[in-house]
Amino acid sequence: MVFTRRPAAVLTAIVAACAMAISLTACTTDANSQDTADDRTTVTSSAPGVVAMFTPSDGITLNQQTPLNKWAKLTPNLTKALTSAGFKKGDISHTTSDSLDKQSRAIQDYVVNHLSGSNTTDDAGIVISPDNITLLVAPVVEADASTRQYGDYVSQELSTADTAEGSDSTNSSDSSNSSDSSDSSTGSDSTNDSSSDASKTVGDSKNAAQAEAVDRLVSSLKLAKESGMHVVLMGNSIKGYKPDAFVRFSDAQAIGKLQAEKIVSKLELSKASKDNPKYIEVLIPYTAVDESGEASDSTFAQEAFRGIWQVLGAYYQKGVVESPSGTLNGNSTEDDWQSVAYDASKEGSTAKVLDARLAKADEHASPTRINGIIAMNDYIASEVVTELDDLGYTGSAADINPQITISGIVGNITGKKDLSRSDVPDPIKSPEKDDSADSTDSADTQDDSTATDKTDKTKDSQWPLVTGYGAYVSNIPSIVNGKQWMTGIEDRQTLAENIAEACALLNKGQTLTSMSSVRNTEVGGKKKVPTISGPLLAVSASNLKVTLIDPGYISLADAGL
């Protein structure tokens, strides 16, 4: 890719701004001094300072179904946490951008303006030194429709110019090969090549603009750090760039792993046997082709399956878990993600895939027995719930290894006491495979056979566990009634508090080693980056009040109560 560089005049202006900032810093006396030449006071090292937030504009989810993992939901939590940490509301700013180009320009303007002295005081006339400023930046990264269904916080990596240029070199080679091939093509092929060339031109132009935006963003962030400002990246990393700290939100592997672990626990797979296995289907939705007709990046789908297989793989290999459709078996590996992946961008694709996987032996047969379905996100989970109902499955997740009734769930959510009941033992050997009992009474045998047949049909049509992620408000009623068993969400309030603490420490010139939520990790290819993270919250009907209602994430009305 031919990388577009900024005009020399602009770079000169930035350098001049740096020099001016350095001279201004040199003119100040002691860090704790109170007077300056124009009767303004300089912020002291004990003051929290300033925080400037830059986040993407919220994306639009399909059918207006809205996950709770949205930037618009996090920023109020961040503002509240920052004020609790001592920051003044007037010293907290927030800028949203719907593209990386706009965001990089906004950050560049903010940094240059502060270093040039045009915006160096707060409302009280206090001079803001660069080392008392922290930039909280969530880089705008394009996501396909399938990825957006998980919410805004899914961590991705922004590629830099070096990566883009490497990709462009490959494209140039491909273009050359295409040109050689076209010499011997027919007239019809020439028309196709012309269309392809036009599409490639648009793609190259878009890539060039993206590369320029990345370069502008990285240059601005480097300038900010060199001047003394602190940079904390949130969610999305930048390849080759090392921030002062990084906030790691959910990623594909963690989302897949969370759902698999909860399935293992609820179905008590440690007690399952080959003679009475559990039946689990895994759905990995992804977008096969992007808007320009090019193959989409399948990394998210691959990582999601890897997280699932790290948990469930051993059970499939032992034979205690089976896939009714045969898409997964004991010989499968974490690289077999395509066996369970499908293009979710096509309307009705989830219902079609699930119908095929749970196909009946014949029209008079009972539904195919299924104990759990990993749907990956709440949008897909809602489609799974609808299709299961159409296929004749009955009951709810509350009937599987029950620990609380539906009435108890509702009572718990509305503040009443739980109504518990004992677990129903699950035999090690399934009734249809148990031939240990001999009967001499033909009438009793027939009665027992009839009763067993009814029991088997009831188990076949039993509603399975359905998992998702994103805590879609529209799905909460399904979680309350047990049709969708669980969902997942970021612990926004805790993350916001940890981010605010980190900003306060950085502005005081202190390290983050005292924070229990911080550990050094590799970010964007750079090692030993202080990283703030926390466990994802698994939400089901039994803990919905504590995890979603009590913190104020949703209301009783949202839960259908």
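What comes next is a walk through the structure. This structure is a prediction, so every number in the text was calculated from the model and none was measured.

### So, the overall build of the protein
Stage number 1. Within the protein one finds 15 helices and 19 strands.
Stage number 2. Accessible surface, the protein as shown: approximately 26,600 Å² in total, 48% of it carbon and sulfur.

### Regarding the pattern of salt bridges
Stage number 1. Scanning the entire structure with this criterion turns up 13 salt bridges.
Stage number 2. Residue Lys545 is joined to Asp550 by a salt bridge in which the shortest nitrogen-to-oxygen separation is 3.2 Å.
Stage number 3. Judged by relative accessible area, which is 48%, Asp550 ranks as partly exposed.
Stage number 4. One salt-bridge network, held together by shared partners, links Asp101, Arg105, Glu212 and Arg216.

### A word on the packing of aromatic side chains
Stage number 1. Enumeration according to the criterion identifies eight aromatic pairs in this entry.
Stage number 2. Here the aromatic rings of Trp71 and Phe249 are separated by 5.7 Å at their centres, their planes lie at 85°, and the arrangement is edge-to-face. Residue Trp71 is located in helix 2 (residues 71-84), and its partner Phe249 is located in the loop between strand 9 (245-247) and helix 7 (252-266); the two are separated by 178 residues in the primary sequence.
Stage number 3. Ring centres of Phe305 and Trp309 lie 5.7 Å apart, and the angle between their planes is 25°; this geometry places the pair in the stacked category. With a gap of four residues between them, Phe305 and Trp309 both fall in helix 8 (residues 299-318), about one helical turn apart.
Stage number 4. Among the residues examined, Phe305 registers a relative accessible area of 0% and is labelled buried.

### A short note on the sheet that holds strand 17 (residues 518-523)
Stage number 1. An order of 3-2-5-7-9-18-17 is seen for the seven strands of this open sheet, with the pairing classed as mixed. Each having just a single partner strand, strand 3 (92-97) and strand 17 make up the two edges of the open sheet. Averaged over all pairs of adjacent strands, the angle between strand axes in this sheet comes to 30°, irrespective of strand direction.
Stage number 2. Each of strand 2 (50-56), strand 3 and strand 7 (230-234) is contacted by helix 2, which is oriented at about 175° to strand 2, the strand it contacts most.

### Let's talk about the environment of Asp144
Stage number 1. The topology assignment puts Asp144 in the loop between strand 5 (133-137) and helix 4 (145-148).
Stage number 2. A sequence separation of 153 residues divides Asp144 from Asp297, and the C-alpha atoms of the two residues are 9.0 Å apart.
Stage number 3. With residues near it in sequence (within four places) discarded, Asp144 still touches Thr287, Ser296 and Asp297.

### Things to note about the packing of helix 7 against helix 8
Stage number 1. For the pair helix 7 and helix 8, interaxial distance at closest approach is 7 Å and the crossing angle is 30°. Relative to helix 8, the element helix 7 lies roughly parallel. Seen along the crossing, helix 7 lies across helix 8 with a hand that is right-handed. Residues Ala252, Gln253, Ile255, Gly256, Lys257, Ala260, Glu261 and Val264 of helix 7 touch helix 8, and the partners they reach there are Phe300, Glu303, Ala304, Arg306, Gly307, Ile308, Gln310, Val311, Leu312 and Tyr315.
Stage number 2. Tallied by class, residues from the contact of helix 7 with helix 8 come to 10 nonpolar, four polar and four charged.

### Digging into helix 14 (residues 492-507)
Stage number 1. With 16 residues, helix 14 should cover 22 Å at 1.5 Å per step; its first-to-last C-alpha distance of 22 Å lies within 8% of that length.
Stage number 2. The buried fraction of helix 14 is high, at 12 of 16 residues.
Stage number 3. Gly509 occupies a position one or two residues after helix 14 and carries a positive phi of about 80°.

### Some remarks on the nonpolar core
Generally speaking, a soluble globular protein has its nonpolar side chains buried in company with each other.
Stage number 1. Ranked by internal contacts, the top residues of the largest apolar core, which has 40 residues, are Ile284 and Leu312.
Stage number 2. Sorting the residues of this core by element identifies helix 7, strand 10 (278-282), strand 11 (284-286) and helix 8 as the ones contributing at least two each.
Stage number 3. Residue contributions to this core peak at 10 residues, all from helix 8.
Stage number 4. Look past the residues within four positions of Ile284 in its chain and what remains in contact with it is Ala301, Ala304, Phe305, Ile308, Val340, Ala341, Tyr342 and Met376.

### Side note on unusual backbone geometry
Most peptide bonds take the trans form, and the phi angle of most residues other than glycine is negative.
Stage number 1. In this model, Glu268 sits at a positive phi of 50°, which is unusual for a non-glycine residue.
Stage number 2. Assignment of secondary structure puts Glu268 in the loop between helix 7 and strand 10.
Stage number 3. Overall, the relative accessible area of 26% leaves Glu268 in the partly exposed class.
Stage number 4. Of note, the phi angle at Lys528 is positive, near 55°, even though the residue is not glycine.
Stage number 5. Structurally, the position occupied by Lys528 is in strand 18 (residues 526-532).

Parameters and conventions
- Residues numbered from 1 in each chain as written.
- Predicted model: local features only at pLDDT ≥ 70, side-chain atom pairs only at ≥ 80, totals over all residues.
- Heavy atoms only, no water.
- Helix = DSSP H or I, 4+ residues; strand = E, 2+ residues; numbered from the N terminus.
- Areas by Shrake-Rupley, 256 points an atom, 1.4 Å probe, with all protein chains shown as cover.
- Salt bridge = Lys/Arg side-chain N within 4 Å of Asp/Glu carboxyl O.
- Buried < 20%, exposed > 50% of the residue type's maximum accessible area, 1.4 Å probe, protein only.
- Phe/Tyr/Trp six-rings, centres within 6.5 Å; stacked < 30°, edge-to-face > 60°.
- Pairing = 2+ DSSP bridges.
- Axes fitted to C-alpha atoms, helices over the stretch in contact; angles between N-to-C directions.
- Contact = heavy atoms within 4.5 Å.
- Parallel < 35°, antiparallel > 145°, perpendicular 65-115°, else oblique.
- Left-handed = near helix turned anticlockwise from the far one by under 90°.
- Nonpolar A, V, L, I, M, F, W, Y, C, P; charged D, E, K, R; others polar.
- Expected span 1.5 Å × (residues − 1).
- Core = buried A, V, L, I, M, F, W, Y, C linked by side-chain atoms within 4.5 Å.

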